[in-house]
Amino acid sequence: MLGFIWFMYGGYAWLTNAIDLNDPVNRGLLLAGMCGYFVIALAVPHAFDGAGLAFGVGYLVVAGVHTFLFVHSAPGLAPQAILRLAPGNLGNAAVVLVGGALGGHAQVWLWTVGLIALWTLPKLIGNQDFAVAPAHFVDRHGLVVIVAIGESVVAIGIGAADLAVDAELIVVAVLGLLLSATLWWTYFGGDDARAEQALSAMPVRRRAIAALDGYGFAHLALLLGIVCVAVGLKKATGHGYDALAGAQALVLAGGVALFLAGDVWFRRVLRIGTGPARGVGAIVALATIPLGTEVAAIAQVAALVVVVGVASNARAPASIAGRVTQARAS
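1. Some points on the nonpolar core
Right, so step 1: Ranked by size, the top nonpolar core spans 85 residues in total, and within it Trp14, Tyr59, Leu179, Tyr215, Val256 and Leu270 carry the most contacts.
Right, so step 2: Element by element, the count of residues in this core is highest for helix α9 (residues 204-238), at 13 residues.
Right, so step 3: Among residues more than four places away in sequence, those in contact with leucine 179 are Val229, Leu233, Leu252, Val256, Leu304, Val305 and Val308.

2. Describing the packing of helix α7 (residues 167-188) against helix α10 (residues 246-270)
Right, so step 1: Packing of α7 against α10 brings their axes to within 11 Å, and their N-to-C directions diverge by 10°. Judged by the inter-axis angle, α7 sits roughly parallel to α10. Across the interface between the two elements, Leu179, Leu183, Thr186 and Tyr187 from α7 touch Leu252, Val256, Phe259, Leu260, Asp263 and Arg267 from α10.
Right, so step 2: Of the residues belonging to the contact of α7 with α10, the class tally is seven nonpolar, one polar and two charged.

3. Considering the pattern of salt bridges
Right, so step 1: Considering all chains together, one arrives at four salt bridges under this definition.
Right, so step 2: The partner of aspartate 139 in a salt bridge is arginine 140, and the shortest N-O contact between them spans 2.6 Å.
Right, so step 3: A relative accessible area of 38% means that aspartate 139 is categorised as partly exposed.
Right, so step 4: Arginine 267 serves as the salt-bridge partner of aspartate 263, at 2.3 Å between the closest nitrogen and oxygen. Of this pair, aspartate 263 and arginine 267 both sit in helix α10, separated by four residues, roughly a single helical turn. An identical accessibility class is assigned to aspartate 263 and arginine 267; each is buried.
Right, so step 5: Connected through shared salt-bridge partners, Asp263, Arg267 and Arg278 make up one network.

Reading the values: rules and limits
- Each residue is numbered by its place in its chain's sequence as written, counting from 1.
- Restriction of local features to residues with pLDDT of at least 70 applies here, the model being predicted, together with a cutoff of 80 or more for giving and counting side-chain atom pairs; totals for whole chains, interfaces and linings are based on all residues.
- Water and hydrogen atoms play no part in the side-chain values, which are based on all heavy atoms of the structure.
- To define a nonpolar core, start from buried Ala, Val, Leu, Ile, Met, Phe, Trp, Tyr and Cys residues and group those joined through side-chain atoms within 4.5 Å.
- Burial here depends on accessible area, computed with a 1.4 Å probe over protein chains only, as a share of the maximum for the residue type. Under 20% is buried, over 50% is exposed, and the range in between is partly exposed.
- For helices the rule is a DSSP run of H or I covering at least 4 residues; for strands it is a run of E covering at least 2, with both sets numbered from the N terminus onward.
- Any pair of residues with heavy atoms lying within 4.5 Å of one another is described as a contacting pair.
- Throughout, an axis means a line fitted to C-alpha atoms (over the contacting stretch in the case of helices), and angles, computed between N-to-C directions, take values from 0 to 180 degrees.
- Orientation categories follow fixed angle ranges, with anything under 35 degrees roughly parallel, anything over 145 roughly antiparallel, 65 to 115 roughly perpendicular, and all other angles oblique.
- Residue type decides the class: Asp, Glu, Lys and Arg count as charged, Ala, Val, Leu, Ile, Met, Phe, Trp, Tyr, Cys and Pro as nonpolar, and the leftover types, Gly among them, as polar.
- A pairing counts as a salt bridge when a side-chain nitrogen of Lys or Arg comes within 4 Å of a carboxyl oxygen of Asp or Glu.

As structure tokens, this is what we get:
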């Protein structure tokens, strides 16, 4: 579900780079797309248990509005770019709709195939014809990261529901908040401005490729990592002083590792790398699993706060920093 939703969210970020947002018709159609997304949101909790068809209908509306606006409101794009866009968008929306209607194993297989096709097509057919406005693009994607991290904080509150608000709960909840804050710091600690500068410095066609790789693929890893961290924090908050099951400790550590790996990937694409610290941090995060399974959830969360905090504040080696400065100048 995240793969489908994120692809089309990114598609709308590309779309709003290319159309006149002051046109009332365009605004009305964007509102229609928003309604489709609202239906998707309502269907998400039970998308594999009876609400798959509703998810598919909402997704078809989202994809249809996206394609229609590109075809009729973005005249500056080459016709071949539009022809490459429409079949993938609408074809995969049809797969999502049919899979949701069938349910069961057919839904799982159809959605899996559709997801692979959806994310493979842009690399096969190319996206160099599409323009990217760096400031708008960075802002739209950064907002989603903020919302996702905010939801990880909400997960702490859900995990604490019906528990006594005592010193023990406060300690584990604050540690969970600190973990979410370190994720925020990792992404927004000045590097979002550097990302905008890096995109602006690229030639137009190279910028489109970097935008797809960095803000499409790498951000999918970042967001999936945040989702996993939220799941882990919900479990850890409710059982902070108990040992976690292996799967619970894995999803917590794995979420942090995936987030850091996605962050390294993103910065490598834009050539604003911060050295090997975050890659090492992704590996060290996985090493905290025994703390969760053998000691207590709070021990693993505390260790992850330290890991992410250290990794996100490590400075880039001089050679990398020099290359970044040189890239900006060019």
